[in-house]
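Residue-level structure breakdown
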Amino acid sequence: MALEYTDLIISSLQAEKIATELFGVDGKAAYLPGEIDLNFKLTDDQKRVFVLKISRPDSSFDFLDYQQRLLKHLETRNASIEHPKAIADLKGDLVSSTRDASNRKRFVRLLTWVPGRIYSSVNPQTDALRYSLGQTCGTVSSALKSFEHPSAKRNFQWDLAQWKWTLSHLDLFSSEKKETILYFQNLFENKEEHYKKLRKSIIHNDANDNNIIVSENLLSPKVKTLIDFGDAIYTQVINDVAVACAYAVFGLEDPLQGVLPVLKGYHEIYPLEPEELEVLYVCLGIRLVISATKSALNKIDEPDNTYLQISDTSAWELLNKWKDVNDKLALFSFRHTCGYQGHPNEAAFLGWSQGQTFRISELFPESGADDVTPIDLSVGSTWLGLKEDFADFSHFDFKIDQMQKLEPNKIIAGGYLEARSVYGTSSYDKIGNSGAESRTIHLGVDFWLPAQTPVHTLFDGEVITAVNDAGDKEYGGLIILKHQVDQFYFYTLYGHLSVESATSHKKGDQISKGERIGVLGNYPENGNWPPHLHFQVMLSMLDYHIDFPGVAYFKQIEVFKSICPDPNLLFKSNVLKPAKFDQENQLIQFRNDHLGKGLSLSYDNPLHIVRGSGVYLFDSTGRKFLDTVNNVAHVGHEHHKVVRAGQAQMAVLNTNTRYLHSNLQELAEELIKTLPQELSVFHFVNSGSEANELALRMVRTASGQKDILASEVGYHGNSNACIEISSYKFDGKGGQGCPEHTHIFPMPDAFRGKYRGVESGKDYAGEVKNQIDSVEDLGRKIAGFIIEPIISCGGQVELPEGFLKSAYEFVRNAGGYCISDEVQVGCGRMGNTFWGFEQHGVIPDVVTIGKPLGNGHPIAAVVCTVDLAERFSNGMEFFNTFGGNPVSCSIGTAVLRTVREERLQQNALETGEYLKNELWLLSKKYPILGDVRGQGLFLGIELVDANLNPEAEKASYLVNRMKAHGILMSIDGPDHNVLKIKPPMVFSKNNALELIQMLEKILDEDYMRSG
Ligand SMILES: Cc1ncc(COP(=O)(O)O)c(C=O)c1O
């Protein structure tokens, strides 16, 4: 009768006694989970920690001896790794023994405890961690090459080479699961002969996520060691890689990408052979098949032992995902990762192509053109311009036509490896291991020629695909030919033909070199774009049968470069150049050499952003980032109405305000509609700093005084006068302290400021009054008072109720003017009001408007009362070369009209409330989010510990991790611990949801949760 699991149990007290008797170690024992042995963590008085392993009664001495010797071997070989050490008992034996309550002999081993975390509990499991896992496994395997022991060769169900036992248990599974298992079993069977010839050695064979110890470092954790050599066996080395990879990618959206760093690390230490890589895909699958079969059997044999079921769900999830991974793409990726050519025929193709030179006119003999002229359709292409333009067929067609007219004898062409953001549909997107990814890298060359241009082939070939691919608007008429040359074959792909061209061929047709295979299709049957040929070379069809991707994910660019070589290898045109992605270092270097050192870059690894659209920014690889930072791109990045307004006016006139122009009036009228009637006189300038500079001059001129009251940690611009009233700057790094005529009152922060709580408004206003009094004590009067309605650089600090009203009263009673700096918060962002001051029931004397007004174009404004304007106008002319020019005004008007027409203030209200509420709910789950505040789409989240101390490092970690997942956020506040959310106003509820989900994911990471 099989032993019941519960019969085997030994209590902690018994374990302690055993440890004392056998090893002379007096310690406290705590039970640890394990598959075969009963394991205890033993801590003695000197804080030494051990693992006590008590075997099952049926265990063999030889096998335990094998494990102990193996550890001894590693201990002597691998100084770089902190392996568990095997400790001899009082008699000097590495395998000791005792008798249990039923008088059964139980072998006992004592090992040192390697401190650290179990891999399965580590969050996040990054590529860097996976890489270090690969390195550790490679180091262990490398050392084991010189280890031998008779027990290493044994029958063992977890040995991948002995997988066949799983065949007889297919009936344990549902038909769907059976199909998945069969898929891998069949695949392995087909590779068996090849597999058997692969090199063998003793390997750990069980780097599962509970056998891997990771360092305690939460910011850059590394794998320290592997534990539990109970599965070590003499078998094919590649099995070890497969096992490590399998568990390392549990739970990942994209397991193939997750496998690669493990493989890279392994290969660097223990070089793998190309023949071994050929079976890695199926070995990983078979490991999961064994695991799933074992779990199914264990469920029947030992239903109480939950440890045995620990990986079942994850294993099945991965099995299903792994089955969806293209095995050939996997192989080519493995090869590339290990430094081999991705596709094994790449070198042969490159060599062969050197002897081939075709004229481009051989593809299009009837076109009469031969030479090419390049076209830039990359993400940041200014030729491509606005999304609305390239998404509009007739506009795009017209531009191609214009370009063609400029060089009628040349063919417009290009695109190999170009990162494009033009593939608008979500069918090009997926969720990767760190957020959304888009297929952006173009794998062929596009030739732009009129519809019906005949296309001829360059080589003899066989039609393997001829389909109407127009349904999903990808290729239209598509033909793929297979060509045999020398010892290999390759394929050429002709996309965007007329549908008739494709349907007039069938699979198997033989085509001769130079034969006409069809004509270019016309819009819309050829896909979404003007007529062109997508010409691509492939060394493999992977597992595609009726089409082949024309674009790849940037992460896979290197492997796809090998699978789809540059078509220009056939033409050798000097014009058709593959795109390059190596600009960033040069850009950074140039900045370092030639730009002011005070300029900063966001993020540890700076971004190279080349396009904006709505709430998104795109880097040069086409990666899309959700922008929660940019309150300058007020109505959305590159809003077409704003862009067109600027383009149109720029083409007609741009001059200064000394001539009459209706644009100036239109902009002022748009602003007047939003303002209280008291505020009706405008000066247009070019930046927020200039606006505040002018506002200061106005109140000083009007009052005849110099002294200004401003908030602690306020920021109002980069000009001299603005810096002098910006405590954020003069009290910060490099600052010179508070100037004589500036008077700083404490930041009215009801959360962590001098006075706290909802009632604190009065106290803070009292502080303003104190400052007025102290100016007056000096025998002077104040000129004015400046503050933002929500203090942005201070960390999105909302002014407490009643503060502004009282402060305004004090200021006015003292003869001063009140300036509302709306540079960040204005133009509808507050949601329930258009301007920030309206939140507080006050009307300022001067309002400064900046960032949002131009949607990125430098335009700003100062609006004031008639009275103040009169007093300012003392005879000195106000001239501003650029301020109020017709182009800027046209842009400003377009922005304000767009806010109105697209109901963006309403969106700020609704989305802002939704987001704030979700953030508030999140803060209940994650106490580090100490305060959620702000209005509309101008929110702040303050990160603090339990004692309200700022958590700046965690804020920085969070922002960098969010960026790694495709979401841009910024930090501010005097303690650098406030996340600012102030996205373009087209930010939707879905965007908010995406933000919340990702925040939650990162907040769950170990570092964010650490105390
Ligand atoms: C509140 C506030 N005022 C003024 C400015 C200065 O604006 P600009 O950078 O356009 O000169 C800024 C800029 O960040 C600001 O945040």
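Our structure's up above, just so we're on the same page.
So, about the overall build of the protein. Within the protein, the regular secondary structure consists of 30 helices and 41 strands. Across its three principal axes, the protein shows a C-alpha extent of roughly 105 × 85 × 50 Å. Out of the 1011 residues belonging to the protein, those deemed buried represent 57%. Here the contacts in the protein between residues at least 6 apart in sequence split such that 75% fall between residues at least 24 apart. When the accessible surface of the protein is split by element, carbon and sulfur atoms take 50% of a total near 41900 Å². Each charge class in the protein can be summarised by its mean position, and for the 100 positive and 129 negative side chains these summaries are 3 Å apart.

On to unusual backbone geometry. Cis geometry marks the peptide bond from Asn123 to Pro124, where omega comes out at 10 degrees. Here Pro124 is to be found in the loop between β7 (117–118) and α3 (127–144). Following Tyr523, the chain continues to Pro524 via a peptide bond in cis, the omega torsion being 0 degrees. Relative to the helices and strands, Pro524 is located in the loop between β22 (516–519) and β23 (533–538). Residues other than glycine seldom take positive phi values, yet Asn103 does so here, at roughly 65 degrees. The residue Asn103 is located in the loop between β5 (96–99) and β6 (105–112) in this model.

Mapped onto the secondary structure, Gln824 falls in the loop between β34 (817–821) and β35 (846–849). What makes Gln824 buried here is its relative accessible area of 9%. Linking Gln824 and Ile791, residues 33 residues apart in sequence, is a C-alpha distance of 9.1 Å. In this structure Gln824 touches Asn631, Glu788, Ser792, Arg829, Lys851, Phe938, Lys980 and Lys982, once residues within four positions along its chain are discounted.

In the vicinity of the ligand, the residues found are Ser687, Gly688, Ser689, Asn692, Tyr715, His716, Gly717, Glu788, Asp821, Val823, Gln824 and Lys851. Within the side chain of Ser689, an N or O atom sits 2.4 Å from an oxygen atom of the ligand. Within the side chain of Gln824, an N or O atom sits 2.7 Å from an oxygen atom of the ligand. About the coverage of the ligand: the protein hides 85% of its 390 Å² of free accessible area. Looking at the shell around the ligand, the element that brings in the most residues is helix α20 (residues 688–703), giving 3 residues. Its residues placed into classes, the shell around the ligand shows 2 nonpolar, 7 polar and 3 charged.

Here we come to the packing of aromatic side chains. Scanning the model with the defined rule gives 41 aromatic pairs in all. With a centroid separation of 6.1 Å and an interplanar angle of 45 degrees, the aromatic rings of Phe745 and Phe803 are classed as tilted. Of this pair, Phe745 sits in strand β30 (residues 742–745) while Phe803 sits in helix α24 (residues 803–813), and the two are 58 residues apart along the sequence. The class for Phe745 is buried, based on a relative accessible area of 0%. Residue Phe803 is classed as buried on the basis of its relative accessible area, which comes to 0%. Where Tyr957 meets Tyr1007, the ring centres are 4.8 Å apart and the plane angle is 55 degrees; that geometry is what we call tilted. With Tyr957 in helix α28 (residues 952–964) and Tyr1007 in helix α30 (residues 1006–1009), this pair connects stretches of sequence that are 50 residues apart. Among the residues examined, Tyr957 registers a relative accessible area of 11% and is labelled buried. By relative accessible area, which is 12% here, Tyr1007 ends up buried.

What follows covers the sheet that holds strand β15 (residues 435–442). Read from one edge to the other, the open sheet built from 3 strands follows the order β14-β15-β24, with strand pairing classed as antiparallel. If you trace the sheet from one side to the other, it starts and ends with β14 (429–432) and β24 (551–553), each paired once. Averaged over all pairs of adjacent strands, the angle between strand axes in this sheet comes to 45 degrees, irrespective of strand direction. Summarising the sheet, β15 and β24 pair through 3 bridges and their orientation is antiparallel. Residue pairing across strands places Ile441 opposite Ala552, the latter belonging to β24.

Rules of the game
Residues numbered from 1 in each chain as written. Predicted model: local features only at pLDDT ≥ 70, side-chain atom pairs only at ≥ 80, totals over all residues. Heavy atoms only, no water. Helix = DSSP H or I, 4+ residues; strand = E, 2+ residues; numbered from the N terminus. Buried < 20%, exposed > 50% of the residue type's maximum accessible area, 1.4 Å probe, protein only. Contact = heavy atoms within 4.5 Å. Areas by Shrake-Rupley, 256 points an atom, 1.4 Å probe, with all protein chains shown as cover. Lys, Arg positive; Asp, Glu negative; His and termini not counted. Charge placed at Lys NZ, Arg CZ, Asp CG, Glu CD. Near = heavy atom within 4 Å. Polar contact = N/O pair within 3.5 Å; in protein donor to acceptor, adjacent residues only side chain to side chain. Nonpolar A, V, L, I, M, F, W, Y, C, P; charged D, E, K, R; others polar. Phe/Tyr/Trp six-rings, centres within 6.5 Å; stacked < 30°, edge-to-face > 60°. Pairing = 2+ DSSP bridges. Axes fitted to C-alpha atoms, helices over the stretch in contact; angles between N-to-C directions.

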